[in-house]
Amino acid sequence: MSEREEKFEKMLQAIQMEYDDTVTKMEQLKAAGKIKTATYKQLMGTKITLQNMLSRYEIYGLLER
């Protein structure tokens, strides 16, 4: 694997981990009834951004779901 491919894989893994962490935090806030907080809304924006990035990887055949 080339250095570039290794960097890509590392970046992809970081994005997936951040997405999973964001979803977990949102679920915790939702369970606590805090879906109208600024923190929840910020997490929602982050989730959408990360989801968009992962979707683009999938479109170009770089990620299988």
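The coordinates are above.
The paragraphs below set out a description of the structure included in this document.

The rules behind the values
Residues numbered from 1 in each chain as written. Predicted model: local features only at pLDDT ≥ 70, side-chain atom pairs only at ≥ 80, totals over all residues. Heavy atoms only, no water. Core = buried A, V, L, I, M, F, W, Y, C linked by side-chain atoms within 4.5 Å. Buried < 20%, exposed > 50% of the residue type's maximum accessible area, 1.4 Å probe, protein only. Helix = DSSP H or I, 4+ residues; strand = E, 2+ residues; numbered from the N terminus. Contact = heavy atoms within 4.5 Å. Axes fitted to C-alpha atoms, helices over the stretch in contact; angles between N-to-C directions. Left-handed = near helix turned anticlockwise from the far one by under 90°. Nonpolar A, V, L, I, M, F, W, Y, C, P; charged D, E, K, R; others polar.

## Examining the nonpolar core
Grouped together as the largest cluster of nonpolar side chains are seven residues: Leu12, Ile15, Tyr19, Leu50, Leu54, Tyr57 and Leu63. At the level of elements, α1 (3-31) and α2 (38-59) are the ones that each hand at least two residues to this core. Other than its neighbours up to four places away in sequence, Ile15 contacts Leu50, Met53, Leu54 and Tyr57.

## A word on the packing of α1 against α2
Two elements in contact, α1 and α2, have axes whose closest approach is 9 Å; the angle formed by their N-to-C orientations is 145 degrees. Here α1 runs over α2; the crossing is left-handed. A class-by-class count of the residues in the contact of α1 with α2 yields 15 nonpolar, five polar and four charged.

## A closer look at the environment of Lys47
Mapped onto the fold, Lys47 is located in helix α2. Judged by its relative accessible area of 22%, Lys47 is partly exposed. Between the C-alpha atoms of Lys47 and Asp21, which are 26 residues apart in sequence, the distance is 9.5 Å.

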